[in-house]
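Overview (structure and organization)
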Amino acid sequence: KDIRSGCHAMIANLIAVIAICSGGAPTRVKRAEPSVTVLREKYLSITIGPNECSATDHGAKGDGKANDTVAIQAALDACGAAGGGRVTLPAPGRYLSSAITVPAPNIEFHIPSGATLLVSDDMKAWPKNQHIIEMKNLHDVAITGGGTVDGQGLVWWRAEEKKKDVFRPHMVDANGVKNLLLTDTIYLNAPNHVLELGADYTELSGITVLSPPSTGDCKKTDACAHNTDAVDVHGEPFYIHNVNFTTGDDNVAVHANGTLVEDSYFGTGHGASIGSLCDDWITNVTFRNITFQGTTAGCRIKSHPGCSGHVWDVTYESLTMHDVGQPVDITQFYDAPSHPKPSTMHFDSIRFSNIQVFGSSGTSSPAIDMECDKAWSQEGNCHVVIDNVAFHDDSGKSGMKCTGVNGTMNGLTGISDHDCAMPPSSS
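In this report, the structure presented in the accompanying data block is examined. (Residues numbered from 1 in each chain as written. Predicted model: local features only at pLDDT ≥ 70, side-chain atom pairs only at ≥ 80, totals over all residues. Heavy atoms only, no water.)

**What to know about the packing of aromatic side chains**
- Under the definition given, this model contains 6 aromatic pairs.
- Between the aromatic rings of Tyr 43 and Tyr 239, the centroid separation amounts to 4.4 Å while the plane-to-plane angle is 10°, which identifies the pairing as stacked. Taken together, the positions of Tyr 43 in the loop between strand S2 (36-40) and strand S3 (45-48) and Tyr 239 in strand S19 (residues 238-241) put the pair 196 residues apart, joining distant regions of the chain.
- Taking relative accessible area as the criterion, Tyr 43 reaches 31% and is therefore assigned partly exposed.
- When the ring of Trp 126 is compared with that of Trp 156, the centres are 5.5 Å apart and the planes differ by 85°; the resulting orientation is edge-to-face. (Phe/Tyr/Trp six-rings, centres within 6.5 Å; stacked < 30°, edge-to-face > 60°. Helix = DSSP H or I, 4+ residues; strand = E, 2+ residues; numbered from the N terminus. Buried < 20%, exposed > 50% of the residue type's maximum accessible area, 1.4 Å probe, protein only.)

Shown next, in the form of structure tokens:
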């Protein structure tokens, strides 16, 4: 089976029917003094230098056969040396490339509709420990346009199944970046994590991530996109909206404070996750107005045993789930050994509000599973609030399990059995 043709069909179908993901291109405003461009999105603005650089002006062929890495890097370097600007892969074109680096601040890497950055799948020739698009210690950087970054991930997924811990590049890897804007681009078949973003003041708008689920055997199927987290959040504040994340691992994995995810669609993947955590302090995280379709989990918070830390003021609200394996999954025993060490990790003020769940859930485990330690408090390490959560389960067997949990519960319907001693709130 041709994985690329299959996923391109998915792109056409999903983009056509999921209007929620149409964030729109950022507003471009030219300043007269100094001569720069301001890219404005819903929450953030960034400044881009005045120059225009084209990969084809530096020798790129765009035929999908000639290796254009040197030419693309030359265009990025030229714009960087001149004070920043827009670096474009002209459309139409398929630009075969390995690792490239954004070399300077105030650069917009623009991949318009009809242009594809085609990632080389020659593992032997891949630059050691380098990612597909890298940026380090920069400010005011953007990746824009309705084009595609095609990671050709199947060869990398197969290598991971044969030999664990083989290096697989991230699609976009940011470290020590401030003011980052990613809009409209399609990220297809990532070799590993898609967006690994250690960047403060970041906004993702209108982008699409498409990789197969990770449920299959690479020898028999292409549905084996292991570790393809759509985005790993390592900066604050961080805004994600109007996106389609359909992938093989976490749809979102939060590791930082001040994260807002809203108005989006999550297809296959492991859900709206916080963690995994150990000795971390995370606060002010919100997931709202999101549709889940076929994810293995919905709302997910996970920490390892034997850890301290604090997670508080987390809200999951106004969510719609269809055929989600486990709509709520909270655990302080993630990857636990048979005799786990006590955990003093505290989950506090975790809110689930106005959530509608359709289709069979919890077929192999409870639909709501909250498993917490009692080493921090005998009442339980986890305090949660459940308010207006409804299960519309065709089987009528959605269950709920609680260990080490306290809090309040109002308006929970469609759960056939549970052992959670959480009284209604007084309000």
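**Points about the pattern of salt bridges**
- Applying the stated criterion across every chain yields a total of 9 salt bridges.
- The closest approach of N and O atoms between Glu 262 and Arg 288, which form a salt bridge, is 2.9 Å. Of this pair, Glu 262 sits in strand S22 (residues 259-266) while Arg 288 sits in strand S24 (residues 280-293), and the two are 26 residues apart along the sequence.
- Between Asp 313 and Arg 351 there is a salt bridge, with its nearest N and O atoms 3.9 Å apart. With a gap of 38 residues between them, Asp 313 in strand S26 (residues 309-322) and Arg 351 in strand S28 (residues 346-358) connect regions that are remote in the sequence.
- The exposure class assigned to Asp 313 is partly exposed, which follows from its relative accessible area of 33%.
- A relative accessible area of 33% places Arg 351 in the partly exposed class.
- Here the residues in one salt-bridge network are Lys 42, Glu 262, Asp 263 and Arg 288, joined through shared partners. (Salt bridge = Lys/Arg side-chain N within 4 Å of Asp/Glu carboxyl O.)

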